[in-house]
2 protein chains.
Amino acid sequence: MKIWLTMLVAAVSLNLTANDLELDHSLAYKLTESLTVEVGARIAGSSADERAVVWAEKNFAALGYDKVWREPFKMPFWQRGAASLTVSAPFQQSFVVSALGGSIATPALGIDSNVIMFASLAELKKADPSQVKGKIVFINKSMQKDKEGNFYSEVVGARSQGAIEAAKLGAKAIIIRSVGTSLNRFAHTGIMRYSDKVARIPAAAISVPDAIQLEKMLALQPNLTLRLTMQNKLPGTVTSHNVIAEITGRTKPEEIVLISAHLDSWDQGTGALDDAAGVGLVMAVGALIKQQGQPERTIRVVLFGNEEGGLLGAKAYAAKHANNLHNHVFASESDFGADRIWRLDSGVGKNSLAFIAELQKKLAHLDISLGNNDAYGGPDVSVLKALGVPVVTLLQDGTDYFDYHHTANDTFDKVNPDALEQNLSAWLITTKAVANSDIDLRK
Amino acid sequence: MKIWLTMLVAAVSLNLTANDLELDHSLAYKLTESLTVEVGARIAGSSADERAVVWAEKNFAALGYDKVWREPFKMPFWQRGAASLTVSAPFQQSFVVSALGGSIATPALGIDSNVIMFASLAELKKADPSQVKGKIVFINKSMQKDKEGNFYSEVVGARSQGAIEAAKLGAKAIIIRSVGTSLNRFAHTGIMRYSDKVARIPAAAISVPDAIQLEKMLALQPNLTLRLTMQNKLPGTVTSHNVIAEITGRTKPEEIVLISAHLDSWDQGTGALDDAAGVGLVMAVGALIKQQGQPERTIRVVLFGNEEGGLLGAKAYAAKHANNLHNHVFASESDFGADRIWRLDSGVGKNSLAFIAELQKKLAHLDISLGNNDAYGGPDVSVLKALGVPVVTLLQDGTDYFDYHHTANDTFDKVNPDALEQNLSAWLITTKAVANSDIDLRK
């Protein structure tokens, strides 16, 4: 019955358009706008996250997807509270500060302490504990712009591991220079980690201009005192969801071509670049392909929950579908902004590289070159790759991505509709090529 | 005695350097850095404003100025409190909002109301009161970039007069799209006005991305409700100061060449572009000229207090020095950021235009062209111009100025040292030309 209905809808849709050029390529842009305007910031586990889940289900259905469902998973909920960071004598100024995701609160009256600055996490690790004990650690590592965002991995350790390393040396708290590439005065949040082996200390980021300012102050007055207050809460375990929708395959419905993005965002911007644009793209891909007729394989669009908190939705998906991952013939994720695609990387079997090379030829008119076979497929999809699922990455130009990433400034106005259309074209061509082939990318 | 000491210092200084090229043109940059790092935000009437006054006195003295003093004036003190603007059903989101300077607070629980959007202040003025009564007015006028900042005057009326016009029509509050030219998510503050003839209503600005977002929301749901809360305080009358320093003229000490900037800033950034850079420039000018020998006329550097609140320091100066304005042979102010000077405008007597033309020739190697004779000299100096003091304006390139103006993002890292050096060169040449001539610019 279900299959019959699907086929009927497909037949009707087939009459609508004949080829890609006639499709409405503004669909990704419109979906991105809708998610950011109608839902906005949607940190995992919040009521906004739940509204995003409802939004996704509703829009998948409206776009004509054959199946739509949600899959629950449990997660620890973290809630940002008010934060402040000030310096008193001799300068008496306030900094722009943001708690890092997962950070504990400070005592209500805050933490007052001297500061010790390090050029990097590596320098902190080498420090003499007697220099650090009882102080606020400040890691002041800057980040450079790069098309591939390669510097992120060099810098982000201060955010993710800084609290552990600082606590090992007896620090009271840690503040980091934002992991970001602009001089605009936004503090970049992002997930941080604790270890059960050392004390949990509060962790926060200050904006790049504030880091520059604090460095100048410390040069004038190394003994200055900072006061950090943060009111974050960890209310406990809640349920969030992956939202999944399918365009059922015509001849090989059991073979799954998985395209994805993450539905959650950080809580200060409206998560336009990270990752409403990805959501808009992959939701549009399935709908636009279906307009042209049912694909041979099933296209499964997964909007992962709680990517930001540590790929929790992806891990839940992998666990739930463990027995069916052999049927996942392909996976990819869009989670690097909304700019143009410029390179195709793959993570496939050697025998499939000819297929990837042919795919690149179909993308060449979009100025997309062929990259390497080391792709990880995207943050969430990397969990599936580790379990043997073949992946590709359509690399977005990330030059400006870390200007906005994890800030209040990640808003819809930053999305360039022309770039998003090019991006969508690349996703359509790639997804169709795999969904309408019988290639075994594992080989 | 005083004169003798002055001459001695001048003679010693003469040995240090021989001409402009050998002077340390980084001085303006260093002073800008010092004011923003050591004092930071300094809204008029605050303790930070008082620290800025002390900073200025100390640095004028250290730079070898012959006389340094402060002149008090009374002013109403306005203090920003916490502010929030949220929309509930169906969107449940928060906006980035900033109280406009001088705005009253809302009731503690805030103002909940429907919204009516206008494209401009002019459109608001034409509105039917029955459409506005009981609502929050939203003026959504955008601002374009421009080298001269010409669009500011077209847009700023919404900020300065909006509360009066909205109150006339019975509005409960007014929010405006920020008077700014960037898509970064900063709300631009700035002074607003009330009238004794209509009710005082709270007034705030939202960032440009938030204005775009609110417009989109209103298109989907015209009946949405906003909640605005602001906790501003008006503690009463306090004393602020103009800080004044002089390099005494060698042969015509009674003739005053006034160069100026304003010492106060808004309270959210560190007031680097507005107007620490101006302060650094004019403080450097007097010091560097003195290094080359005492000028013929007296160079008076005035750091006006409370420019932002309505030129209160300038008005106090004009009142206090009313009987001596005939001895003010020249006035100019630097208050348009820290970018390069590109044009020389004057506001002088017809017979002096040849002198101005000669001056432009001395500036031509800095790519500075000759403009018109309609200069107002700068915001504070416009008060003196209205009383007959001749002025010039060294026009700074203001293309990016309104990206940062009156936001938390106005910080020292935005100052380009190369541009500031060019700027300083133009100020040195101009000030020396007037101070070492006997031109009567009134004629």
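Residues numbered from 1 in each chain as written. Chains lettered and ligands numbered in written order. Predicted model: local features only at pLDDT ≥ 70, side-chain atom pairs only at ≥ 80, totals over all residues.

### Re the overall build of chain A
Our working definition: Helix and strand assignments come from DSSP, with helices taken as H or I runs of at least 4 residues and strands as E runs of at least 2, each series counted from the N terminus. For a compact globule the rule gives 2.2 Å times the number of residues to the power 0.38, and the radius of gyration it is set against comes from C-alpha atoms. Residues are called buried when their C-beta atom has 20 or more other C-beta atoms within 10 Å, exposed when it has 12 or fewer, and partly exposed otherwise; all C-beta atoms are positioned from the backbone.
When you go through chain A residue by residue, the secondary structure sums to 14 helices and 16 strands. Here the C-alpha radius of gyration of chain A, 23 Å, is about what a compact globule of 443 residues would show, namely 22 Å. Counting only C-alpha atoms and orienting by the principal axes, one finds that chain A spans roughly 75 × 40 × 40 Å. For chain A, with 443 residues in total, the buried portion stands at 57%.

### With respect to the pairing of strand β2 (residues 83-87) of chain B
Residues and elements named next belong to chain B. Quick note on the threshold: Criterion used throughout: strands pair if DSSP finds at least two bridges between them.
A one-sided burial pattern is seen for β2, the buried positions being A83, L85 and V87 and the unburied ones S84 and T86. Direction of pairing for β2 relative to strand β9 (residues 225-230): antiparallel, over a ladder of five bridges. Residue pairing for β9: S84 is matched across the bridge by T229. For β2 and strand β3 (residues 93-95), the ladder comprises three bridges, and the chain directions are antiparallel. Bridged to T86 within β3 is S94.

### Points about the interface of chain B and chain A
In many reports, interface size means the accessible area that the parts give up when they come together. As a reminder, the rule being used: We call two residues in contact when their backbone-placed C-beta atoms lie within 7 Å. Any residue outside Ala, Val, Leu, Ile, Met, Phe, Trp, Tyr, Cys, Pro, Asp, Glu, Lys and Arg is labelled polar, Gly included; the first ten of those are nonpolar and the last four are charged.
If you look at the interface, chain B gives 23 residues, while chain A gives 22 residues. Secondary-structure elements contributing two or more residues to the side of chain B that touches chain A are α2 (27-38) and α8 (208-220) of chain B. With five residues, the single largest contributor to the side of chain B that touches chain A is α8 of chain B. Considered class by class, the residues forming the side of chain B that touches chain A number 11 nonpolar, seven polar and five charged.

### A few points about the relation of the copies chain B and chain A
Heads up, the rule is: Superposing the copies works by least squares over the C-alpha atoms of residues that have pLDDT at least 70 in both of them.
Rotating chain B by 180 degrees and translating it 0.0 Å along the rotation axis places it on chain A, where the RMSD comes to 0.0 Å. Put plainly, the chains are arranged around a two-fold axis. Of every C-alpha in chain B, the one belonging to N184 of chain B sits nearest the axis of rotation, 3.9 Å from it. Comparing interface residues between copies, 96% of those in chain B also lie at the interface in chain A; the contact surface is shared.

### Concerning the confidence of the model for chain A
Residues and elements named next belong to chain A. We count it as follows: Residue-level confidence of the predictor is summarised by pLDDT, bounded by 0 at the bottom and 100 at the top.
In this model, chain A carries a mean pLDDT of 94, and residues with pLDDT of at least 70 account for 95%. Every residue in residues 1-23 is under pLDDT 50, and counting partners more than four places away or in other chains gives 18 contacts. Note on the complex model: pTM 0.93, ipTM 0.93.

### Here we look at helix α8 (residues 208-220) of chain A
Because each turn of an α-helix spans 3.6 residues, side chains separated by three or four positions end up pointing in the same direction. This is how the line gets drawn: The span you would expect from a helix comes to 1.5 Å times its residue count less one.
Taking 1.5 Å of rise per residue, the 13 residues of α8 of chain A would be expected to cover 18 Å, and the 19 Å separating its terminal C-alpha atoms lies within 8% of that figure. Among all positions of α8 of chain A, only V208, P209, D210, A211, Q213, L214 and M217 of chain A are buried.

### Notes on the sheet that holds strand β6 (residues 136-139) of chain A
Residues and elements named next belong to chain A. Stated precisely, the cut-off is as follows: Only C-alpha atoms enter the line fits that serve as axes; for helices the fit covers just the stretch in contact. Angles between N-to-C directions range over 0 to 180 degrees.
Across the sheet, which stays open at both edges, the eight strands sit in the order β3-β2-β9-β5-β6-β7-β8-β4 with mixed pairing between neighbours. Of all the strands in the sheet, just β3 (93-95) and β4 (97-99) have a single pairing partner and so form its edges. Sheet twist, expressed as the mean angle between neighbouring strand axes with direction ignored, is 30 degrees. Two strands pair when backbone bridges link them, and β4 and strand β8 (residues 203-206) are joined in this way by three bridges, in the antiparallel orientation. Across the sheet, S98 pairs through a bridge with A205, a residue of β8.

### Structural notes on the nonpolar core
Stated formally: The term nonpolar core refers to a set of buried Ala, Val, Leu, Ile, Met, Phe, Trp, Tyr and Cys residues connected through C-beta atoms within 7 Å.
Among the nonpolar cores identified, the biggest contains 283 residues, and V137, I175 and A204 of chain A together with V137, I175 and A204 of chain B are the most heavily contacted of them. Once residues lying within four places of it in the same chain are set aside, the contact partners of I175 of chain B are L85, I136, F138, A204, A205, I206 and L228 of chain B.

### A few points about unusual backbone geometry
Residue and element names in this part refer to chain A. The step from D274 to D275 runs through a cis peptide bond, and the omega angle for that step is 15 degrees. Examined against the element boundaries, D275 turns out to sit in helix α9 (residues 272-291). Unlike most non-glycine residues, H406 shows phi in positive territory, near 65 degrees. With respect to the secondary-structure elements, H406 resides in the loop between α13 (401-404) and α14 (417-435).

### Focus on α9 of chain A
Counting buried residues in α9 of chain A gives 20 out of 20 residues, a clear majority hidden from the surface. Of the residues one or two after α9 of chain A, G293 of chain A is the one with positive phi, at around 120 degrees.

### Observations concerning the domain arrangement of chain A
All names here are of chain A. For the record, the criterion: Residue ranges labeled as domains rest on an automatic or database domain assignment.
Domain assignment breaks chain A into domain 1 (2-77 + 236-435) and domain 2 (81-231). Contacts between domain 1 and domain 2 engage 18 residues on the former and 18 residues on the latter. Ranked by the residues each element gives to the side of domain 1 that touches domain 2, the list is headed by α13, at three residues. Its residues placed into classes, the side of domain 1 that touches domain 2 shows six nonpolar, nine polar and three charged.

### Considering the packing of helix α2 (residues 27-38) of chain A against α9 of chain A
For any two helices packed against each other, one specifies the inter-axial angle together with the distance between the axes. Residue and element names in this part refer to chain A. The line we're drawing: Angle categories: roughly parallel below 35 degrees, roughly antiparallel above 145, roughly perpendicular from 65 to 115, and oblique for all the rest. Left-handed describes a crossing whose near helix is turned anticlockwise from the far helix by less than a right angle; the clockwise case is right-handed.
The geometry of α2 relative to α9 is characterised by a closest axis approach of 8 Å and an angle of 135 degrees between their N-to-C directions. Of the possible angle classes, the one that applies to α2 and α9 is oblique. Here α2 runs over α9; the crossing is right-handed. Here α2 contributes L27, A28, Y29, L31, T32, L35 and T36 to the contact with α9, which in turn contributes A272, A276, A277, V279, G280, L281, M283, A284, A287 and L288. Among the residues forming the contact of α2 with α9, the class breakdown is 14 nonpolar, three polar and no charged.

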